[in-house]
Amino acid sequence: MDVKLIDVEHPEKAVAILFYVEPDILLSEMRNMISNQVADIISSNDYQFQHHEVELSRSQESSVILRNIRLTSNDKSFLMNADIEKGKGSEKEYRRFWNEEVRKMAKYTSIGKKEMHKQVNERWKLKRCSLLEAETKNVQELEKNIAEKADDWQAPKTMKKATISKNIERVREATENTQSLRETVGSLSQTLKRNPDLVNRAEVERNVKRAKTSLISSMSELRKAQDTLRKNLGAKKLQLSEYPK
C-alpha cells in the first residue's frame, strides 16, 4: 500500500507519499524507505517516531512494528499557494513542481491518483538533477572567480579537486539509466495494454517485472548520487563563504 506522510499541524496536507509499504513493517525499515524515496523532502533529522507520545530511539526502531496506519479519504492532489510558499528550499520547489505535474497529468491522462503520485515523485527526482547541475555550475564558477582573486586561496583539504566533477557525472549516469528504464517500463506496459491476446504475453510480463525491479534500484542509486553531490556542494559553498566574492 501507499502511505501519505502528513504535517501534524496541517493534517490535511500531504508532505510526501511512500510507495509499496508492506503491512507490519519495522520502524527502522520505514525510516529506510523515507530515506530512499523522499530524502530530498524529509531528512533523517526532521522526524522522530513516537509511541503514545514517547519518542523512540534508533535502536528501538529495529524492534518495533508499525501495525496501525491512520487512513483518510480526504485526498487532496493539489496544494494551495499558501502551502507552497510555506515550504523551504527544495521543499518549496518540490511543491510547485508537484502542482504543475499533477495538473498536466489530470488534464491529459486518466490514470489513478496512486500511479499519478508515483510518477510525479519519479519525475521530481529527474527534475532535481537539472537543479543540482545548475547549482554545481554556479559553485564551480564562483570557486574559479575566488581562486583568481584571493591570494590565500586553498582548495578544501578534505575534498579532492575532481570530487564535484565525479559526483555530477555519477548523477548524470544514474539519471540516464533511470530515464531509460522508465521508458522501457512504459513501452512494455503499453504493449501489454494494447495487445490483450499477445502470444508472448508471459515473457513480456516477466520483462516488465525485471525492468521495474531495475528501476527501483536505479532510483535508489540516483537518490544516493544526488545526496552525495548535495552534501559536497554544501561543504564547498561553506568553504567559499569565507572569501570575499
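Conventions adopted
- Residues numbered from 1 in each chain as written.
- Predicted model: local features only at pLDDT ≥ 70, side-chain atom pairs only at ≥ 80, totals over all residues.
- Heavy atoms only, no water.
- Helix = DSSP H or I, 4+ residues; strand = E, 2+ residues; numbered from the N terminus.
- Buried < 20%, exposed > 50% of the residue type's maximum accessible area, 1.4 Å probe, protein only.
- Contact = heavy atoms within 4.5 Å.
- Areas by Shrake-Rupley, 256 points an atom, 1.4 Å probe, with all protein chains shown as cover.
- Salt bridge = Lys/Arg side-chain N within 4 Å of Asp/Glu carboxyl O.
- Core = buried A, V, L, I, M, F, W, Y, C linked by side-chain atoms within 4.5 Å.
- Axes fitted to C-alpha atoms, helices over the stretch in contact; angles between N-to-C directions.
- Parallel < 35°, antiparallel > 145°, perpendicular 65-115°, else oblique.
- Left-handed = near helix turned anticlockwise from the far one by under 90°.
- Nonpolar A, V, L, I, M, F, W, Y, C, P; charged D, E, K, R; others polar.
- pLDDT = per-residue confidence, 0-100.

### What to know about the overall build of the chain
Part 1 of the reasoning: Counting its regular elements, the chain contains seven helices and six strands.
Part 2 of the reasoning: Seen in sequence order, the chain has helices and strands lined up from the N terminus as β-β-β-α-β-β-α-β-α-α-α-α-α.
Part 3 of the reasoning: Burial statistics for the chain: of 245 residues in total, 38% are counted as buried.
Part 4 of the reasoning: Of the contacts formed within the chain by residues at least 6 apart in sequence, a portion of 64% connects residues at least 24 apart.
Part 5 of the reasoning: In the form shown here, the chain has an accessible surface area of approximately 15800 Å², with 49% of it arising from carbon and sulfur atoms.

### Things to note about the pattern of salt bridges
Part 1 of the reasoning: Tallied over the full model, the rule gives 10 salt bridges.
Part 2 of the reasoning: The closest approach of N and O atoms between Arg182 and Glu122, which form a salt bridge, is 2.9 Å. In this pair, Arg182 is assigned in helix 6 (residues 163-194) and Glu122 in helix 5 (residues 113-149), connecting sequence segments 60 residues apart.
Part 3 of the reasoning: A salt bridge links Lys236 to Glu143, with the shortest nitrogen-to-oxygen separation between them at 3.0 Å. Remark: Glu143 occurs in helix 5 and Lys236 occurs in helix 7 (residues 201-240); sequence separation between them is 93 residues.
Part 4 of the reasoning: The buried category is assigned to Lys236, whose relative accessible area is 5%.

### What to know about the nonpolar core
Part 1 of the reasoning: Ile164, Val171, Leu222, Leu229 and Leu233 are the most contacted members of the largest nonpolar core, which totals 16 residues.
Part 2 of the reasoning: For this core, the secondary-structure elements that each account for two or more residues are helix 5, helix 6 and helix 7.
Part 3 of the reasoning: In contact with Val171, not counting residues within four places along its chain, are Cys129, Leu222, Ala225, Gln226 and Leu229.

### As for the side chain of Asn167
Part 1 of the reasoning: Assignment of secondary structure puts Asn167 in helix 6.
Part 2 of the reasoning: Accessibility expressed as a relative area gives 9% for Asn167, which makes it buried.
Part 3 of the reasoning: Leave out the neighbours within four places in its chain, and Asn167 touches Thr228, Leu229 and Asn232.

### Concerning the packing of helix 5 against helix 7
Part 1 of the reasoning: Where helix 5 contacts helix 7, the two axes come as close as 10 Å, and the packing angle between them is 25°. Here helix 5 lies roughly parallel to helix 7, going by the angle between them. The handedness of the crossing between helix 5 and helix 7 is left-handed. Contact residues: Glu122, Lys125, Leu126, Arg128, Cys129, Leu132, Glu135, Thr136, Val139, Leu142, Glu143 and Ile146 in helix 5; Leu215, Met219, Leu222, Arg223, Gln226, Asp227, Leu229, Arg230, Leu233, Lys236, Lys237 and Leu240 in helix 7.
Part 2 of the reasoning: In terms of residue class, the contact of helix 5 with helix 7 is made up of 12 nonpolar, two polar and 10 charged.

### Let's talk about the packing of helix 6 against helix 7
Part 1 of the reasoning: Where helix 6 contacts helix 7, the axes come no closer than 8 Å and their chain directions differ by 155°. Regarding the angle of helix 6 to helix 7, the classification is roughly antiparallel. Between helix 6 and helix 7 the crossing geometry is left-handed.
Part 2 of the reasoning: Taken together, the residues of the contact of helix 6 with helix 7 break down into 17 nonpolar, 13 polar and eight charged.

### A few points about the environment of Leu27
Part 1 of the reasoning: Considering the arrangement of structural elements, one finds Leu27 in helix 1 (residues 27-38).
Part 2 of the reasoning: Assessed through its relative accessible area of 6%, Leu27 is described here as buried.
Part 3 of the reasoning: With 22 residues separating them along the chain, Leu27 and Phe49 place their C-alpha atoms 7.7 Å apart.

### A short note on the confidence of the model for the chain
Part 1 of the reasoning: With 68% of its residues at a pLDDT of 70 or more, the chain shows a mean pLDDT of 76.
Part 2 of the reasoning: No element of the chain has a lower mean pLDDT than helix 3 (residues 81-86), at 48, and none a higher one than helix 6, at 91.
Part 3 of the reasoning: Here residues 68-84 is a poorly scored stretch, pLDDT under 50, and it has 31 contacts once near neighbours within four places are set aside; other chains count.

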